[in-house]
Amino acid sequence: MHLHKNGDMVTQSSWEQLTESLAARLPWLGDGDSIILQSGPFYTQLGQGPASIRIEAAAGDSLPADAQLTAAQEQQLGDLGWQPPAHGDQNWARTEPWPLSGRTATQLATMIVGALRDVFGLDAARVEERAFNAFSR
């Protein structure tokens, strides 16, 4: 399955629907597929490679000075299962081997929604999704 660029707004009225939708789509991603979920300066993104999937949550230099994460927000990310920036990365991240089990897909979707909802404090109706494949022309 190849995803294409779009500007569709995430219209689900609840975070649970977004979690279920992501969990259902993640196991079907192809090499080069990416999804970015964003509102204002805050975002999560995922990238599918041939042998793994990597999810990231905005932090550090990817956020403006007035939107930097607090120590409490960073603790929340850690509690959700995100790993702190390492090796020069600026974002919190998690990498899982491919292919994904349904259980791991649900875990990653829950982590993404938890970052958007609980850590960044976003409204689901204002989260924009952009999906694309790095190898599409």
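What this report covers is the structure whose coordinates are included nearby. All values reported here derive from a predicted model rather than from experimental measurement.

A word on the packing of aromatic side chains
Going through the model one piece at a time under the given rule, you end up with one aromatic pair. Consider the rings of phenylalanine 42 and phenylalanine 120, whose centres lie 4.8 Å apart with planes at 25 degrees: the pair is stacked. Here phenylalanine 42, found in strand β2 (residues 42–48), pairs with phenylalanine 120, found in the loop between α3 (102–119) and β5 (128–133); they are 78 residues apart in sequence, far enough to count as distant. Judged by relative accessible area, phenylalanine 42 falls into the buried class, the value being 14%.

Examining the nonpolar core
Formed by 38 residues in total, the largest nonpolar core has its most connected members in Trp82 and Phe120. Of all the secondary-structure elements, those providing two or more residues to this core are α1 (15–25), β1 (33–39), β2, β3 (52–57) and α3. With nine residues, the top contributor of residues to this core is α3.

Considerations on the side chain of asparagine 133
With respect to the helices and strands, asparagine 133 occurs in strand β5. Using a relative accessible area of 5% as the deciding quantity, one classes asparagine 133 as buried. Of the polar contacts made by the side chain of asparagine 133, one reaches the side chain of aspartate 33; its length is 2.6 Å. In terms of polar contacts, asparagine 133 uses its side chain to reach the backbone amide nitrogen of phenylalanine 135, at 2.7 Å.

Brief notes about the sheet that holds strand β4 (residues 92–97)
Taken in spatial order, the five strands of this open sheet run β4-β3-β2-β1-β5, and their pairing is antiparallel. Both outer strands of the open sheet, β4 and β5, are each paired with one neighbouring strand and no more. Across this sheet, the average inter-strand angle for adjacent strands is 10 degrees, counted without regard to direction. Judged from the six bridges that link them, β1 and β5 form a sheet pairing that is antiparallel. When the sheet's bridge partners are listed, glutamine 38 is paired in β5 with glutamate 128.

What to know about the pattern of salt bridges
Evaluation of the coordinates by the stated rule reveals five salt bridges. For arginine 54, the salt bridge goes to aspartate 89, with nearest N and O atoms at 3.0 Å. Taken together, the residues arginine 54 in strand β3 and aspartate 89 in the loop between α2 (71–80) and β4 connect sequence positions 35 residues apart. Using a relative accessible area of 28% as the deciding quantity, one classes arginine 54 as partly exposed. Taking the relative accessible area as the measure of exposure, aspartate 89 reaches 38% and is therefore partly exposed. Here glutamate 96 makes a salt bridge to arginine 94, at a shortest N to O gap of 2.9 Å. When sorted by exposure, glutamate 96 lands in the same class as arginine 94, which is buried. Through salt bridges that share partners, Arg54, Glu56 and Asp89 make up one connected network.

Cut-off values and rules
Residues numbered from 1 in each chain as written. Predicted model: local features only at pLDDT ≥ 70, side-chain atom pairs only at ≥ 80, totals over all residues. Heavy atoms only, no water. Phe/Tyr/Trp six-rings, centres within 6.5 Å; stacked < 30°, edge-to-face > 60°. Helix = DSSP H or I, 4+ residues; strand = E, 2+ residues; numbered from the N terminus. Buried < 20%, exposed > 50% of the residue type's maximum accessible area, 1.4 Å probe, protein only. Core = buried A, V, L, I, M, F, W, Y, C linked by side-chain atoms within 4.5 Å. Polar contact = N/O pair within 3.5 Å; in protein donor to acceptor, adjacent residues only side chain to side chain. Pairing = 2+ DSSP bridges. Axes fitted to C-alpha atoms, helices over the stretch in contact; angles between N-to-C directions. Salt bridge = Lys/Arg side-chain N within 4 Å of Asp/Glu carboxyl O.

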